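Given next are the chains, with one letter for each unit.
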Amino acid sequence: MTATPRLLLLLLALAALPAACADPSDPAPTDVCVLGATAPDFAPTLGCRADFLLLASRPLDASIPGARSVKTVLDRSDANRLHFQNSSKYPIHWDFAHAHLSAGGLPIVGDLTAFNEVEYFSPDRRFVLGAVTWYEGPDLWVYEVAPYDTASADLITQAFDAIAAAGFFGPDLYFHPNSSIVALAAADLPARIPQISTDDIFAGIDYQPLNLTEGVGRLRFVPTAELATTYLDFREIVVLDQVPNDLSSVSGIITEAFQTPLSHINVLSQNRGTPNMGLRGAMSDARLRALDGRWVRLTVGAFNWTIEEVTREVADAWWEAHRPSTVQVPQMDLSRDQVTPISQVLPTGKPEKDALKEAIRAFGGKASHYAILATLPQVPTPDAFAIPVYFYNQFLETNGFKTRIQAMLADQAFLDSPATRDEQLRLLRDDIKVATLDPAFLAAVEQRLAADFPGLPMRFRSSTNAEDLEGFTGAGLYTSKTADPGDPNRTVADAIRKVWASVWSFRAFEERSFRNIDHLAVGMALLVHRSYPEEEAAGVALTANPFDATGIEPAWYINVQAGDVSV
């Protein structure tokens, strides 16, 4: 009888390592371990679960609990040689390929940027990169490629077949399309390769960790449908039945429905450093219900979660020790007191970084960053101008709003009651929207519009000195409004006042309070450019890879939606 290549490899490994299995309770009777107790840098085969665990690490995106992954490299330039890489020692594919598959008779592996550009996106790539993941909860073995990988069905098939032949899990191996891009290629895979969806994987899981950390607060159950009329305190840990689009600052989140890693509330949780998890049956979970209304400590781990009751004294001490660090808002520069063309926003004669910091104090983050883009000939930017924070500050003082806000901030009832805060902030916004604007200021804005943008609808965009800061983006906190000279209900004065009023929205106030930001230190400038009411598409670009929380696999992420809709 002729031995198969896999059997020959197993026999050779067994001859070298007679006591192969690290844990005899792990392998099934038909599995034969081929690795010893010390993890090698890589292996051509995996004979048992102990072998797999020896090389495995947690996936970079471990939003499904109980997951362990071993990264795989199929080298097409070396007769399709397969490597199961030590994924703890080499957390990304490039690390391993650069160390072991470069030179020595093999092609040179370039730098990380070039490697990523070719090996994830080129049809003529040298490597087929992926990972075998074991999802412990449902006990599933799956092969996955990166969510942004454009590998063809042929490349995926080559890798899948090699991995299934070299791994003890081969008969149970599935392919998991983990993004819409990968699903397009997976549609052309041969029928003999079984596929499994993310929903099917989740079906066998009750717990979904999303933001792994600890939080202390008062536990509260809130049906998601009641959030619009419910006030939440930032020292509460909330249990919800569904996943809301937005949520004010809280100390922790548990949702009965599972989330996506890029859900808005998970991004908020990551920004705030608060625990977030999904738990099937959370609204009726006996462990949680027994602690309703109590002070608790919630810990979200990669594979399990815990909750325990604590005293109010412990909760207060924890909060003082973990209170978010105060965000230092750049002091307002009130010396810039003119409506300013975008080309004159940045001070001259200074390095770009220093010029940007100085401009933010007078024109806020959005207008100042836009001014940087406007200096780049390769980036098309519509003409624009900026209204400095000087006029917002002048407006508050002239109409007595600054004194009124100081009194609100000193009122204990306002500080203690979310309902009182919401009501008083609403009244303040209503009064700001109809208060008197300085006639000379309004005339200057209208003259600028008539000279440079005659008859055009214009977008007045919020631009504060309390956004786009290190450690605090302020994304989505403030409003932008359009003024249209052809519509008497959309005047320039109304657009300006509505944007200024948004500084005092309940959500913006609560978010600033959570980060210990001095509310009166916030100045609202305005970036003004043409409005585009019939956009073909709208999008957001991130200079980051949201699929990799570690930051070690760089990428750009662009999300575009057709039509004139919010992204």
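Residues numbered from 1 in each chain as written. Predicted model: local features only at pLDDT ≥ 70, side-chain atom pairs only at ≥ 80, totals over all residues. Heavy atoms only, no water.

(A) Seen up close, the overall build of the protein. Each helix and strand in the protein was counted, giving 18 helices and 20 strands. With 567 residues in all, the protein has 48% of them scored as buried. Of all intrachain contacts in the protein linking residues separated by at least 6 positions in sequence, the fraction that spans at least 24 positions is 61%. Within the structure as shown, the protein displays about 26300 Å² of accessible surface, and the carbon and sulfur contribution to it stands at 53%. (Helix = DSSP H or I, 4+ residues; strand = E, 2+ residues; numbered from the N terminus. Buried < 20%, exposed > 50% of the residue type's maximum accessible area, 1.4 Å probe, protein only. Contact = heavy atoms within 4.5 Å. Areas by Shrake-Rupley, 256 points an atom, 1.4 Å probe, with all protein chains shown as cover.)

(B) Spotlight on the packing of aromatic side chains. Evaluation of the coordinates by the stated rule reveals 25 aromatic pairs. Summarising the aromatic geometry, the rings of Tyr 120 and Tyr 148 are spaced 5.4 Å apart at their centres and angled 65° between planes, so their arrangement reads as edge-to-face. Placement of Tyr 120 in the loop between α4 (112-119) and β4 (127-135) and of Tyr 148 in the loop between β5 (140-144) and α5 (153-166) is noted, with a sequence separation of 28 residues between them. The class for Tyr 148 is buried, based on a relative accessible area of 15%. Consider the rings of Phe 168 and Phe 169, whose centres lie 5.1 Å apart with planes at 65°: the pair is edge-to-face. For Phe 168, a relative accessible area of 11% translates into the label buried. Here the aromatic residues Tyr 390, Phe 391, Tyr 392, Phe 395, Phe 401, Phe 441 and Trp 500 are joined through ring pairs into a cluster of three or more. The side chain of Arg 49 reaches across the aromatic face of Trp 134, ending 4.6 Å from its centre. Above the plane of the ring of Trp 504 lies Arg 512, whose end atom (NZ or CZ) is 5.3 Å from the centre. (Phe/Tyr/Trp six-rings, centres within 6.5 Å; stacked < 30°, edge-to-face > 60°. Lys NZ or Arg CZ within 6 Å of the ring centre and 35° of its normal.)

(C) Molecular detail of a positive patch on the surface. On the surface, a cluster of positive charge is made up of Lys 433, Arg 459, Lys 481, Arg 490 and Lys 498. Looking at the element boundaries, Lys 433 is found in the loop between α15 (418-432) and α16 (439-452). On the basis of relative accessible area, Lys 433 is assigned to the partly exposed category, the value being 32%. (Patch = residues over 30% accessible without salt bridge, like charges linked within 9 Å, V, L, I, M, F, W, Y side chains within 5 Å. Salt bridge = Lys/Arg side-chain N within 4 Å of Asp/Glu carboxyl O. Lys, Arg positive; Asp, Glu negative; His and termini not counted. Charge placed at Lys NZ, Arg CZ, Asp CG, Glu CD.)

(D) Structural detail: unusual backbone geometry. Although it is not a glycine, Asn 80 adopts a positive phi angle of roughly 55°. Mapping Asn 80 onto the fold places it in the loop between β2 (67-75) and β3 (81-85). With a relative accessible area of 36%, Asn 80 lands in the partly exposed category. Look at Asp 139: it is not a glycine, yet its phi comes out positive at around 55°. Along the polypeptide, Asp 139 turns up in the loop between β4 and β5.

(E) The sheet that holds strand β18 (residues 524-530), seen in detail. One open sheet holds the five strands; their spatial order is β14-β15-β18-β16-β17, and the pairing between them is antiparallel. Of all strands in the sheet, those bounded by a partner on one side alone are β14 (340-341) and β17 (481-483). In terms of strand pairing, β14 meets strand β15 (residues 384-387) through two bridges, oriented antiparallel. Bridge pairing in β15 places Pro 341 opposite Phe 385. With respect to the sheet, helix α17 (residues 492-501) is in contact with β15, β16 (458-464), β17 and β18, its orientation differing from that of β17 by roughly 170°. (Pairing = 2+ DSSP bridges. Axes fitted to C-alpha atoms, helices over the stretch in contact; angles between N-to-C directions.)

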